[in-house]
Amino acid sequence: MHRLVPSSRLFSRSITSLQPKIKHNNCTYDHLCVRCLSNQSNQQGNHHEWSSRHTAYASVAATSLVSLYFLVKSLKRDENRWSCYRSAYCQKKHVVPGAIPEAKASTLSKDKNKTTESEQTDKESSDTELPFYKYLIVGAGTSSVSAYRAIKARDPKAKILIIGEEPDVPYERPPLSKELWYVDPAVAKEYKIGKSKRDSIFYEPRPFYLSPKALQEAENGGVGLISGKKVVKLDGQKKKVWLNDGTEILYEKCLLATGGRPKNHPVMETAEKDVQDRTILFRNTSDFTRLHEAVEKSKSVAIIGGGFLGSELACALGFKGLKTYQIIQEKGNLGTVLPEYLSKHTTEKVQESGVDVLTSLTVTEAQYNNNQVELTLSDGRKISVDKVVVCVGLEPNVDLAKTSNLELDEKHGGFRVNAELEAMSGLWVAGDVSCFYDIKLGRRRIEHHNHAWVSGKLAGENMTGASKMYRYQSIFWSDLEPYVSFQAIGIIDSNLETYSVFEKPPEKKKQRKKKTKESNLEIAKKTTEESLGTNQEVSKDTGSEEEKPKEEFNKGVIFYLRGGSIVGILLWNITGKIYRARQVISDGCRDEDLYEVAKLFFAPRKRRTED
């Protein structure tokens, strides 16, 4: 290969000798080409005598110039290409890797590529600067308290942060509709069921809870509390939560115990403002305070709903002396959990406490008239009251599902979790919002105090590595003072098949002293209403309608059956035997002689060393 750049002397000699030869070669172009030079060499004998030395000079010069030409052209092209890299600007419409053709696109490119390696490093360093807590609990209710106590029992130096929407520290909710209405009003205003400090509904005094900053500095750990804030987003992969004030918090393990919010009646929800101002959705301490103050200033109140909360408040307000109306869609109080005959019996007892119970009715209209709320019922009747309390159920607080991609259960509602109450890796759910898998009774969601405590404890233990399954059957209870009291366990649904056994009233026992214990039990097999109907027919044969004996349900046990198996047990005015009910469900009794099983709950209680 020839040298690309010959010496200056070679160039000067070759060019000088070529110029006259090119002119005589009849070439019309002012350039050097190999073809012309070769033609000239072929015509040496005819026109001029060329020496071999001059021919070599010409060939080398021509080849060198051509090579130089292409080299300069190539360098110029490369220079244009590198200028595109430097300025991110190119006049030609071609695609060059790394080059952006227009200046505006260059600006957009800079915006899109903001996350450079250095910026990513800065972002990671900023995340490490965020507050971090090993245990985070979202929600400040009963489940939260049970969970942090379980965590502290297994990890004494744990740092646990609780974030709650309410301004108060964690407290018990059942007394809000029960005990607080039967104590001195001055004591009730302090949320106490007695004069002792231990009688407060709050689990711990406020000084017990640390501030987030103090919690991070605590050497021996502790429990921190952020009140009045809401978690609006959770990222299970990054282990981060965002609060409604923009605060970001990192965690290692998290528990969701957000509870629920009370449902509103559709008529009251769309009513005018004056009606809504006199309507209370009863759930928390502020609702209790508002209703408690209204009792002192009002003369009448209407309660919409016949469930546990509505029936308990109706008895409590009737006890206070207010003119109380209770509007129930079902045929009687607690109609969704009790058999129809027992629901009607409960309604009679509630009416004895001074409550006007309006069954099988709904509210169709609500208006503000003469400083009162006028309610129109489905039968056309109208009642006017000073206040309205809505108790039509609870809606699980699952707002985080929309922003955090958490799975909800379409049938039961709430966050869907496994038998260990885990929704995803590092995230557990407890309380009212937990739709868990019961290994005995299937998938369930429970809205009761005892379940909140038990599920919170189990979740707290699993957060520390216990890996326990939900095997405990929680209970619930209701006291319609002073007439009705019951405890229940398992699935209690009035739509299920029931089998009831009741003890005869004491006065009947006296008339038949020689009868055995077995004869002192009244049996209502399966659908108990049919059994009672038979008794009524017999009574018609023995006397007039006025002489019919009144049905009394002193003590009894109701079995709830599904597919022939016992899935729920309700103890009516029987105390201290719930452990036996739990054992019956755990054993999975099927096709048993339920009358013989019922004897377990009426037999005298013996000392149990196993407890």
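Cut-offs applied
Residues numbered from 1 in each chain as written. Predicted model: local features only at pLDDT ≥ 70, side-chain atom pairs only at ≥ 80, totals over all residues. Heavy atoms only, no water. Helix = DSSP H or I, 4+ residues; strand = E, 2+ residues; numbered from the N terminus. Expected span 1.5 Å × (residues − 1). Buried < 20%, exposed > 50% of the residue type's maximum accessible area, 1.4 Å probe, protein only. Pairing = 2+ DSSP bridges. Salt bridge = Lys/Arg side-chain N within 4 Å of Asp/Glu carboxyl O. Axes fitted to C-alpha atoms, helices over the stretch in contact; angles between N-to-C directions. Contact = heavy atoms within 4.5 Å. pLDDT = per-residue confidence, 0-100.

Draft legend 1. Region of interest: helix H13 (residues 340-352). For H13, which comprises 13 residues, the first-to-last C-alpha distance of 19 Å matches the rise-based estimate of 18 Å (1.5 Å per residue) to within 8%. Those residues of H13 lying buried are Tyr341, Leu342, Ser343, His345, Thr346, Thr347, Lys349 and Val350. The first or second residue beyond H13 is Gly354, which carries a positive phi of 100 degrees.

Draft legend 2. The arrangement of the pairing of strand E1 (residues 132-138) in detail. When you tally the buried positions in E1, you get 5 out of 7 residues, the bulk of the element. Judged from the 6 bridges that link them, E1 and strand E6 (residues 248-256) form a sheet pairing that is parallel. Its bridge partner being in E6, Tyr135 is matched across the sheet by Lys253. When E1 meets strand E2 (residues 159-163), the two strands line up parallel, connected through 4 bridges. Bridge pairing links Tyr135 to Ile160 in E2.

Draft legend 3. Quick look at the pattern of salt bridges. With the rule as written, the count across this model stands at 21 salt bridges. Between Arg261 and Asp399 there is a salt bridge, with its nearest N and O atoms 2.8 Å apart. Taken as a pair, Arg261 in strand E7 (residues 260-262) and Asp399 in the loop between strand E16 (394-396) and helix H14 (400-404) lie far apart in primary sequence, 138 residues in all. In this structure Arg261 comes out as partly exposed when scored by relative accessible area, which is 31%. Overall, Asp399 belongs to the partly exposed group, its relative accessible area being 28%. Where Glu407 meets Arg416, a salt bridge forms, and the shortest distance between an N and an O atom there is 3.9 Å. Residue Glu407 is classed as exposed on the basis of its relative accessible area of 53%. The network of salt bridges with common partners includes Lys230, Arg261 and Asp399.

Draft legend 4. View of the sheet that holds strand E15 (residues 387-390). Spatial strand order, E8-E15-E9-E10-E11: 5 strands in an open sheet with parallel pairing. If you trace the sheet from one side to the other, it starts and ends with strand E8 (279-281) and strand E11 (355-358), each paired once. This sheet shows a mean twist of 20 degrees between the axes of neighbouring strands, independent of strand direction. Sheet topology note: the strand E9 (residues 300-304)/E15 ladder contains 4 bridges and is parallel. What sits directly across from Ala302, in E15, is Val388. In this fold H13 packs onto strand E10 (323-327) and E11, with an angle of close to 145 degrees to the strand it touches most, E11.

Draft legend 5. The confidence of the model for the chain, seen in detail. Here the chain shows a mean pLDDT of 80. Residues at 70 or above account for 72%. Within the model, the stretch residues 28-32 combines pLDDT values under 50 with 3 contacts to residues more than four positions away or in other chains. Predicted confidence for residues 523-549 stays below pLDDT 50, and this span has 25 contacts to residues more than four positions away or in other chains.

Draft legend 6. Inspection of helix H11 (residues 285-297) at higher detail. Taking 1.5 Å of rise per residue, 13 residues should cover 18 Å, and H11 covers 19 Å from first to last C-alpha, within 8% of that figure. Of the residues making up H11, those classed as buried are Thr285, Asp287, Phe288, Leu291, His292, Ala294 and Val295. Those residues of H11 that are buried are in contact with helix H7 (185-189), E8, helix H12 (308-319) and E15.

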